[in-house]
Amino acid sequence: MLDCAIVGGGPAGLTAGLYTTRGGLGNVIMYEKGLPGGQITQSSEIENYPGVTGEITGMDLMQPWPEQCMKFGLKHEMVEVLQVSKDGDVFKIKRGDGKVDEARSVIVCTGSVPKRAGFKGEDEFFGRGVSTCATCDGFFYKDKEVAVIGGGDTALEESLYLAKICSKVYLIHRRDKYRAAPNTIKRVENTPNIERIYNSIPDEVYGDNMGVNGIKIRNRETGEITDIKVPGVFVFVGNNVNNEVLKQDDGTFLCELNEQGQVKVNLRMETSLEGLFAAGDIREDAPKQVVCAAGDGAAAALSAISYVDEKFQD
Ligand code: FAD
Ligand code: NAP
């Protein structure tokens, strides 16, 4: 029986792993379906993690985290968790490889995934010219023109990154105001090869067998269609939380969620179900920052330690 099962190995899960093991829980597994690190490993630049100065990628930031946790005994299983359920005081962890593990406590840290914007051709050309990762795919468009969809921090930061590789970035936003940090907006405004296009939404991405040839955008005020000939379109329009692991066979969820599907927690990261904790982007009102996800992970771990100690003391 595990003392704690941690689902997800991003900043929240890794920090929960560090604190549970270092705090004395003897048998803890962190389930991460990919490589540990989480979504920040897709970021080309992070400059707001306290104490980390200079230009650093998300991958560089996260690289030492797993080693630090493993040192204190955290085990990593590279497997997808399909479902977490509870039978009496015991949680059941249904794994993608067919096995079922049992745990006294669970910390859910499954984070979020990029949303699709929903325009014609987006799915058809996904991975063939349409991308949600500038770090992964930006280099394919070296010295070429690309389009970016979105007006939040991610769209603006990734436009700045792409502007260093590509000859030009068309930044297409559906409103006339960005939803991003003032400093980032200023940097975008001061970058000559970013053309800012406001009040416009993608109508269609078109292309052929070889990939994307362009994007047609529609001005929301005038209805005018503009055809922008680019081989690459990057979509940064927000995220959906990964709450599927909490879904039960009868369609209900293991704990309370809000209207956006985010897990409701208190300041101890306790959910509405005893022994179940949530941390990071999955939880309600998450500031969606690495430092906050890590803080949540630590808080959830400390709560899980108290819960296991009190509930299961021999
Ligand atoms: P995630 O990082 O999403 O990690 C969740 C992990 O769980 C993933 O590794 C996933 O593979 C795994 N997982 C999901 N479901 C399962 C399952 N069923 N079984 C097993 N594993 C599963 N924040 C900042 O502070 N500064 C920045 O500059 C910044 N830039 C960003 C740039 C980009 C492009 C993006 C996308 C985000 C950025 N963020 C930034 C936000 C930051 O990345 C997130 O807030 C943070 O990663 C959330 O951490 P998390 O651990 O909650 O979730
Ligand atoms: P976000 O803040 O939700 O912004 C999404 C953007 O996409 C918004 O501008 C939105 O327009 C637009 N959009 C949404 N759906 C669309 C659609 N169907 N078609 C066209 N445009 C659409 O998402 P994000 O930028 O990924 O950021 C997510 C969170 O991570 C935020 O909390 C952000 O602060 C954080 N983050 C922080 C940093 C940092 O601190 N450096 C970096 C990256 C991300 P509207 O504005 O009109 O809604």
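Everything that follows concerns the structure shown earlier in this document.
Here the structure is a predicted model, which is why all the values come from computation and not from measurement.

Draft legend 1. Quick look at the side chain of Ser 43. Residue position: Ser 43 is located in the loop between β2 (28-31) and α2 (58-62). You can call Ser 43 buried: its relative accessible area is 11%.

Draft legend 2. Up close: the site of ligand 1. In the vicinity of ligand 1 lie 32 residues, with Glu 32, Asn 48, Val 81, Asp 281 and Val 290 positioned nearest. Backbone polar atom of Lys 33 to a nitrogen atom of ligand 1: 3.2 Å apart, as the coordinates give it. The contact in question runs from an oxygen atom of ligand 1 to an N or O atom on the side chain of Gln 289, over 3.0 Å. Isolated, ligand 1 exposes 1000 Å² of accessible area, and the fraction of that covered by the protein chains is 92%. Listing elements by their share of the shell around ligand 1, those giving two or more residues are α1 (11-22), α5 (153-165) and α7 (290-311). Here the residues of the shell around ligand 1 are counted per class, giving 11 nonpolar, 14 polar and seven charged.

Draft legend 3. Molecular detail of the packing of aromatic side chains. Inspection of every chain in the model, using the stated rule, returns seven aromatic pairs. Relative to Phe 234, the ring of Tyr 141 has its centre 5.8 Å away and its plane inclined at 90°; by these criteria the two rings are edge-to-face. Highlighted residues: Tyr 141 in the loop between α4 (134-137) and β9 (145-149) and Phe 234 in strand β15 (residues 232-235), separated in sequence by 93 residues. Exposure class is identical for Tyr 141 and Phe 234. Each is buried. Seen from their ring centres, Phe 234 and Phe 236 are 6.3 Å apart, and the 15° between their planes marks the pair as stacked. Assessed through its relative accessible area of 8%, Phe 236 is described here as buried. Put simply, the rings of Phe 140, Tyr 141, Phe 234 and Phe 236 pair up and form one aromatic cluster. A cation over a ring is seen here: Arg 116 above Phe 126, with NZ or CZ 3.6 Å from the ring centre. Lys 216 extends its terminal NZ or CZ atom over the ring of Tyr 206, reaching a point 5.4 Å from the ring centre.

About the cut-offs
- Residues numbered from 1 in each chain as written.
- Chains lettered and ligands numbered in written order.
- Predicted model: local features only at pLDDT ≥ 70, side-chain atom pairs only at ≥ 80, totals over all residues.
- Heavy atoms only, no water.
- Helix = DSSP H or I, 4+ residues; strand = E, 2+ residues; numbered from the N terminus.
- Buried < 20%, exposed > 50% of the residue type's maximum accessible area, 1.4 Å probe, protein only.
- Near = heavy atom within 4 Å.
- Polar contact = N/O pair within 3.5 Å; in protein donor to acceptor, adjacent residues only side chain to side chain.
- Areas by Shrake-Rupley, 256 points an atom, 1.4 Å probe, with all protein chains shown as cover.
- Nonpolar A, V, L, I, M, F, W, Y, C, P; charged D, E, K, R; others polar.
- Phe/Tyr/Trp six-rings, centres within 6.5 Å; stacked < 30°, edge-to-face > 60°.
- Lys NZ or Arg CZ within 6 Å of the ring centre and 35° of its normal.

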